[in-house]
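Architecture and fold: a report
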Amino acid sequence: MSVSAESLSMPASATSAAGAAAASSSSNDTLTQSDFLQLMVTQMQNQDPTSPADPSQFLGQLAQMSEVSSLANMQTSLSSLSSSLLSTQAISGASLVGHDVLSAGTTGSLASGGTMSGAVQTPAGATSLAVAVTDANGNVVDTFSVTPQSGLTAFTWNGMTSSGANAAAGQYTFAVTGIVNGATQAVTPLIESTVQSVTIDTTSQSLDLNTNNGVIPMSNVVSVD
């Protein structure tokens, strides 16, 4: 950390010492803390004993320089800590590759001949759950029922239409309704996705999961299988 040489006010008797300190300063005409201390000592050694300089000005400037240096060191430490946290987050995220995660969402991707899975947080008092599957054009291709379980109720669509044909590969949307305390209620689904890679957003320092169903923020993940 350095301060501008022009910002330092020095007694006249220290002029020759200032030249020596300036010679050792950096090419951008700044004085380091070490240069300033050398200048202060030289000034005191060469001052007129009959008219000693007031050291309070030097001490005040030195205190300011020390404060700025401390703030710079703190900033460096915080930057180092931030980098370490990002590295740890990246290592933790890499361990999720190949795993299935559940996150809030309604749409997923069906591979040719494949299936799709999800779950819901079972509402208290639910006696039945129904899942409707629609294609990218909004057409309902299948519906099926699921027996409510305590906590998470998982469901799997077999990838077939209600007529028994294999559904075409592509994007499909799930809508879940339940009978809760005798009334019909919409229930937010959770979609299962497979993690393919991870990305760290250095701006927000958040972890994003790149999955077969798109990018999912780690903060949206409910469970990992």
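Provided above is the structure to which this section pertains.
Described below are features of the structure shown in this document. Note that the structure is predicted; figures quoted are calculated from it, not measured.

The rules behind each value
- Residues numbered from 1 in each chain as written.
- Predicted model: local features only at pLDDT ≥ 70, side-chain atom pairs only at ≥ 80, totals over all residues.
- Heavy atoms only, no water.
- Helix = DSSP H or I, 4+ residues; strand = E, 2+ residues; numbered from the N terminus.
- Buried < 20%, exposed > 50% of the residue type's maximum accessible area, 1.4 Å probe, protein only.
- Contact = heavy atoms within 4.5 Å.
- Areas by Shrake-Rupley, 256 points an atom, 1.4 Å probe, with all protein chains shown as cover.
- Phe/Tyr/Trp six-rings, centres within 6.5 Å; stacked < 30°, edge-to-face > 60°.
- Polar contact = N/O pair within 3.5 Å; in protein donor to acceptor, adjacent residues only side chain to side chain.
- Core = buried A, V, L, I, M, F, W, Y, C linked by side-chain atoms within 4.5 Å.
- Pairing = 2+ DSSP bridges.
- 1 Å grid on protein atoms, 1.4 Å probe; cavity = no way out; pocket = protein on both sides within 12 Å on 5 of 7 lines; lining within 4 Å.
- Points joined across faces, edges and corners; volume = space filled by probe spheres on them.
- Nonpolar A, V, L, I, M, F, W, Y, C, P; charged D, E, K, R; others polar.

**Observations concerning the overall build of the chain**
The secondary structure content of the chain amounts to three helices and 14 strands. A burial count over the chain gives 32% of its 225 residues as buried. Contacts spanning at least 24 positions in sequence make up 63% of the contacts within the chain whose residues lie at least 6 apart. Only carbon and sulfur atoms are counted for the fraction: they give 53% of the accessible area of the chain, which is about 12,500 Å².

**Topic: the packing of aromatic side chains**
The full count for this structure, using the stated rule, is four aromatic pairs. Relative to Phe174, the ring of Phe155 has its centre 5.5 Å away and its plane inclined at 45 degrees; by these criteria the two rings are tilted. A residue pair is termed long-range when its members are at least 10 positions apart, and Phe155 in strand β8 (residues 152–157) and Phe174 in strand β9 (residues 170–180) qualify at 19 residues. A single burial state applies to Phe155 and to Phe174, both of which are buried.

**Examining the side chain of Ser117**
Mapped onto the fold, Ser117 is located in strand β5 (residues 116–121). Within the structure, Ser117 has its side chain in polar contact with the side chain of Thr156 (distance 3.0 Å). Sequence-distant contacts of Ser117, defined by excluding residues within four places in its chain, comprise Phe155, Thr156, Ile191 and Glu192.

**What to know about the nonpolar core**
Residues Phe155, Trp157, Tyr172 and Phe174 are the most contacted members of the largest nonpolar core, which totals 17 residues. Contact partners of Tyr172, with chain neighbours within four places excluded, come to Thr106, Thr107, Gly108, Leu110, Met116, Val133, Thr134, Asp135, Val141, Trp157 and Ala167. By size, the runner-up hydrophobic cluster in this structure holds seven residues, among which are Leu96, Val195, Leu207 and Leu209.

**Considering the pairing of strand β12 (residues 206–211)**
Of all six residues making up β12, five are buried, and the element is well covered by its neighbours. Bridge count for strand β11 (residues 189–201) against β12 is six bridges, and the pairing is antiparallel. In the strand pairing of β12, Ser197 is matched with Asn210. Hairpin connection, β11 to β12: the antiparallel pair is bridged by four residues, and Gln205 has positive phi, about 55 degrees. With four bridges joining them, β12 and strand β13 (residues 214–217) adopt antiparallel strand pairing. Along β13, the bridge assignment pairs Asp208 with Pro217. In sequence, β12 turns back onto β13 through a hairpin of two residues.

**Remarks on the layout of surface pockets**
Looking at the largest pocket, its volume works out to about 170 Å³. Lining of the largest pocket is provided by 14 residues; of these, Thr115, Met116, Ser117, Glu192 and Asn212 occupy positions nearest its centre. Among the residues forming the lining of the largest pocket, the class breakdown is four nonpolar, eight polar and two charged.

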